[in-house]
Amino acid sequence: MGSLTPEIRKRIVKAYKKGYRIKDIAAIFGVSRWVVWKWRKRAYHRGVDSYRSRSQRPHRIHKKVTQEIENAVVVLRDSFNWGTHRIALNLWYPPGYIHHLLTAITGSEWHPVRISRQTVNTILKRHRRNGSPYERNKRDWKYFRARKPNGLWQIDIKGPFLLDGKRLYALIIVDDHSRFIIYCKLYPSIKKEEIITALRWAVKHYGYSKRLLCDNGSQFKSNDLRCWCKTHKVLYEPAPPYYPETKGKVERAIRNLKEEYLILDKVFENTSLLLDEYIEWFNNVRYSLGVEGIPSSFYYEC
């Protein structure tokens, strides 16, 4: 079909009009009978383009990726610096605050849409936002992970930061095996008493950890914390100074807290009241690329 020129198509029609059989015409020109029938029928519609190939473009094109979806992808990229996989997940199953953000962007109620990572990357490429800004400094890291849940807890402090007009700190404990957030609360100040109280709460709800990894802050160097760990047979492990990569899991969780939760202070009032909802979403809904799954499914694994 595609190799036939308009002149050959015209000769096929002329041969038919002279009385040749369709089977013979197909054999002479090396085409199928359907081709002969097609151009015989097309010849009745006279005009300049009678024997030219018509465009196969459909009359109506229903685009799945609308302008609203493109705007949502770009805003999620600019606001949270997420990759293609996380953007696609939040477009399909957005938590409450993301749903509110997307509704405000599009100007109408957001309806979840499922698109592929390739489609997200195409949109980002069109707007010159694809690729990692850290790609040039990419290194091959040695990956460490505790073998079982509660094999190692990482603990650290984020702050100070402004939230709801207050100067606050966040104390966070993360399970090394699953990236599950064991504990996360906000404080106006954090001392050794708050840390021991937090560990007691975590032990009451999740059991004891075999090891506790912390940095060399003054709150973690107290003898009270060392005595608590020794009493409960928890191995106390301070990280080497000036080497935050040792406790990379909790550092990543702190970064997520900053990019996904603290940024909500620009949109919502009383953001501190949303912390429990964020932790619930982080542990039970949010897909973690570090473990390639939901943190709670790895923490509660049999």
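Parameters at a glance
For every chain, the first residue of the written sequence is number 1, and numbering continues from 1 onward in sequence order. At least 70 in pLDDT is required for a residue's local features to be given in this predicted model, at least 80 for side-chain atom pairs to be given and counted, and no such filter applies to totals for whole chains, interfaces and linings, which use all residues. Each side-chain value is derived from all of the structure's non-hydrogen atoms; neither hydrogens nor water enter the calculation. Under this scheme, a helix contributes an axis fitted over its contacting stretch, all axes are lines through C-alpha atoms, and angles between N-to-C directions fall in the 0 to 180 degree range. Numbered from the N terminus, helices here are DSSP runs of H or I no shorter than four residues, and strands are runs of E no shorter than two. Orientation categories follow fixed angle ranges, with anything under 35 degrees roughly parallel, anything over 145 roughly antiparallel, 65 to 115 roughly perpendicular, and all other angles oblique. The handedness criterion is simple: a crossing whose near helix is rotated anticlockwise from the far helix by less than a right angle is left-handed, and one whose near helix is rotated clockwise is right-handed. Note on contacts: a residue pair qualifies if any of its non-hydrogen atoms lie within 4.5 Å across the two residues. Residues are grouped as follows: Ala, Val, Leu, Ile, Met, Phe, Trp, Tyr, Cys and Pro are nonpolar; Asp, Glu, Lys and Arg are charged; every other residue, Gly included, is polar. The pairing criterion is simple: DSSP has to find at least two bridges between the two strands. Cavities and pockets are defined on a 1 Å grid built over the protein atoms alone: a cavity is a set of grid points where a 1.4 Å probe fits but cannot escape, while a pocket is an open set with protein on both sides within 12 Å along at least five of seven lines, and lining residues are those with an atom within 4 Å of any such point. Grid points are joined across faces, edges and corners, and a volume is the space filled by probe spheres set on the points. Looking down the strands as they point away from you, a crossover is right-handed if its path from the first strand over the helix to the second goes clockwise. Scored from 0 to 100, pLDDT records how confident the predictor is in each individual residue. Only residues whose relative accessible area exceeds 30% and that form no salt bridge enter a patch; like-charged residues are grouped when within 9 Å of one another, and nonpolar side chains (Val, Leu, Ile, Met, Phe, Trp, Tyr) when within 5 Å. Residue exposure ignores everything except the shown protein chains as possible cover, and the areas themselves are Shrake-Rupley values with a 1.4 Å probe. Here, a salt bridge means any side-chain nitrogen of Lys or Arg that lies within 4 Å of a carboxyl oxygen of Asp or Glu. The classification of residues rests on relative accessible area computed with a 1.4 Å probe and restricted to protein chains. Under 20% of the type maximum is buried, over 50% is exposed, and intermediate values are partly exposed.

Further remarks concern the packing of helix H4 (residues 67–80) against helix H5 (residues 84–92). It is the contact of H4 with H5, at a shortest axis distance of 10 Å, that shows an interaxial angle of 125°. With respect to their mutual orientation, H4 and H5 come out oblique. Judged by the sense of rotation from one axis to the other, the crossing of H4 with H5 is right-handed. Here Ala72, Val73, Leu76 and Arg77 of H4 lie close against H5, whose contacting residues are Ile87, Asn90 and Leu91. Class assignment of the residues belonging to the contact of H4 with H5 gives a composition of five nonpolar, one polar and one charged.

A few words on the sheet that holds strand S1 (residues 153–163). If you trace the five strands from one edge of the open sheet to the other, you get S3-S2-S1-S4-S5, paired in mixed fashion. Unpaired on one side and paired on the other, strand S3 (181–187) and strand S5 (235–238) mark the two borders of the sheet. Averaged over all pairs of adjacent strands, the angle between their axes in this sheet comes to 20°, without regard to strand direction. Two strands pair when backbone bridges link them, and S1 and strand S2 (residues 166–175) are joined in this way by nine bridges, in the antiparallel orientation. Bridging across to S2, Ile157 finds its partner in Leu171. Sheet contacts for helix H10 (residues 248–261): S1, S2 and S3; angle to S1, the most-contacted strand, approximately 30°.

Here we come to the packing of helix H8 (residues 192–206) against helix H9 (residues 223–231). A pair of packed helices can be characterised by two numbers: the angle between their axes and the separation between those axes. Taken N-terminus to C-terminus, the directions of H8 and H9 make an angle of 20°; their axes are 9 Å apart at the nearest point. Here H8 is positioned roughly parallel relative to H9, judged by the angle of their axes. Two packed elements cross with a definite hand, and for H8 against H9 that hand is right-handed. Along its contact with H8, which presents Lys192, Ile195, Ile196, Leu199, Arg200 and Val203, the element H9 presents Asp224, Leu225 and Trp228. Here the residues of the contact of H8 with H9 sort into six nonpolar, no polar and three charged.

Once that is clear, we can look at the layout of surface pockets. Quantified by volume, the second largest pocket comes out at close to 220 Å³. Considering the residues around the second largest pocket, the lining is formed by 13 residues, among which Ile181, Trp201, Tyr206, Ile279 and Asn283 are closest to the centre. Looking at the lining of the second largest pocket, the elements that each hand over two or more residues are S3, H8 and helix H11 (275–284).

To continue, consider the pairing of S5. Inspection of the sheet shows strand S4 (residues 211–214) paired to S5 by four bridges, in the parallel sense. Directly across from Cys214, in S5, lies its bridge partner Pro238. Regarding the hand of the β-α-β motif, the stretch spanning S4, H9 and S5 is right-handed.

Mean pLDDT over the chain works out to 87, with 92% of the residues at or above the 70 mark. Mean pLDDT values over the elements of the chain span from 84, in helix H3 (residues 33–42), up to 96, in S3.

A separate point is a nonpolar patch on the surface. A cluster of nonpolar residues, Trp92, Tyr93 and Val285, forms a patch on the protein surface that exposes about 310 Å² of accessible area. Tracing the sequence through the fold places Trp92 in helix H5.

Taken as a whole, this structure holds 13 salt bridges when the rule is applied. One salt bridge connects Glu7 with Arg11, and the closest N-O pair in it is separated by 3.6 Å. Residue Glu7 and its partner Arg11 are both found in helix H1 (residues 6–17); the two are separated by four residues, about one turn of the helix. Note on Glu7: relative accessible area 45%, which makes it partly exposed. Residue Lys249 pairs with Asp176 through a salt bridge whose shortest N-O separation is 3.4 Å. Of the two residues, Lys249 is situated in helix H10 and Asp176 in the loop between S2 and S3; the sequence distance between them amounts to 73 residues. Of the two residues, Lys249 and Asp176, both sit in the buried class. Among the ionic contacts, a cluster of salt bridges with common partners joins Asp156, Lys247 and Glu251.

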